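Results of the structural survey
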Amino acid sequence: AQAVGKNLNDSLIELEPVGGSNWTRNSDVGFSQWKVKLPFDESTTASVLSKMTESIRTQPVFQSFSKIEGRVAGEMQQRALLGLLLSLLFITIYIWFRFNKVSYGVAAVIALIHDVLITLGLLAISHWLFKPLGFLQIEDFKISLTIVAAILTIIGYSLNDTIVVFDRIREVKGKSPNLTEKMINASVTQTLSRTLLTSSTTIIAILLMYIWGGEGIHGFAFCLLVGIVVGTYSSIFVAAPILLWLSQKEQAARAASKVS
């Protein structure tokens, strides 16, 4: 319609499939013949249809199914959930063997779950924020294959950051039987500059991708931007305190068993 100097919204187009009396715009049923009514005179309508036919003939349309919608919702949701659960399970096992204590793995996984939930929460809130905050390029993001890939990427990045902090905690702790708040504070302080430097450079690259990366990776870049920020502070303010709390419970249990 714009090619002939006319503006046309979807709400002004009347569609009716031939032989489909109960059809609605949300229906998944396909029809080969359609009746289309446009709010123009005959000559303008003919021009619009001519331009549309030429555009369809010269620009092929490739069907793409990447969003988790009705037709593939069950299968895609199950696979995505299974992938996330398996990744968290193997992460727990890996860190358990790396640090010889299950508390390290539990603390890391809780921090990762925190990161994923915050990211998913902001994706859900974007449904109400994309209109008032459209100038920030926020859209009504939907769960898609690229979003699932972004979440898995966030898990990997946050895990790497957490392991760096945990490695320093183990070094500071040394052969001491108990983990204390001073050890946690010293370890976080020693790794803080590295964490902030790595995160800031990563955020700058993702921000450029978010602004100029195009529609195809816009949701992916949004999730990464949120996830990197959340993952940075969770490694310090979520994973480390949870590790301290779990270690103190283990220490208290050992002390109680010795007394009894």
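Our structure's up above, just so we're on the same page.
A quick note: this is a predicted structure, and the numbers were derived from the prediction, not measured.

1. Examining the overall build of the protein chain
Of the regular secondary structure elements, the protein chain holds six helices and two strands. Shown N-terminal to C-terminal, the secondary structure of the protein chain runs as helices and strands in the order β-β-α-α-α-α-α-α. Looking at the protein chain as a whole, 34% of its 260 residues are labelled buried. Sequence-distant contacts in the protein chain: of pairs separated by 6 or more residues, those separated by 24 or more amount to 66%.

2. Description of the environment of L38
Mapped onto the secondary structure, L38 falls in the loop between strand 2 (34-37) and helix 1 (42-58). The exposure class assigned to L38 is buried, which follows from its relative accessible area of 16%. With eleven residues separating them along the chain, L38 and L49 place their C-alpha atoms 9.9 Å apart.

3. Looking at unusual backbone geometry
A positive phi is found at N100, a non-glycine position, where the angle reads about 60°. Turning to its location among the elements, N100 is positioned in the loop between helix 2 (73-99) and helix 3 (102-129).

4. So, the pattern of salt bridges
For the structure on display, the rule yields five salt bridges. In the salt-bridge network here, residues are joined through shared partners; they are R98, D167 and R170.

5. Structural notes on the packing of helix 4 (residues 145-173) against helix 6 (residues 218-259)
Two elements in contact, helix 4 and helix 6, have axes separated by 8 Å at closest approach and are oriented at 30°. It follows that helix 4 is roughly parallel to helix 6 by the angle criterion. Where helix 4 crosses over helix 6, the two elements pack in a sense that is right-handed. Among the residues making up the contact of helix 4 with helix 6, the classes are represented as 15 nonpolar, ten polar and one charged.

Cut-off values and rules
Residues numbered from 1 in each chain as written. Predicted model: local features only at pLDDT ≥ 70, side-chain atom pairs only at ≥ 80, totals over all residues. Heavy atoms only, no water. Helix = DSSP H or I, 4+ residues; strand = E, 2+ residues; numbered from the N terminus. Buried < 20%, exposed > 50% of the residue type's maximum accessible area, 1.4 Å probe, protein only. Contact = heavy atoms within 4.5 Å. Salt bridge = Lys/Arg side-chain N within 4 Å of Asp/Glu carboxyl O. Axes fitted to C-alpha atoms, helices over the stretch in contact; angles between N-to-C directions. Parallel < 35°, antiparallel > 145°, perpendicular 65-115°, else oblique. Left-handed = near helix turned anticlockwise from the far one by under 90°. Nonpolar A, V, L, I, M, F, W, Y, C, P; charged D, E, K, R; others polar.

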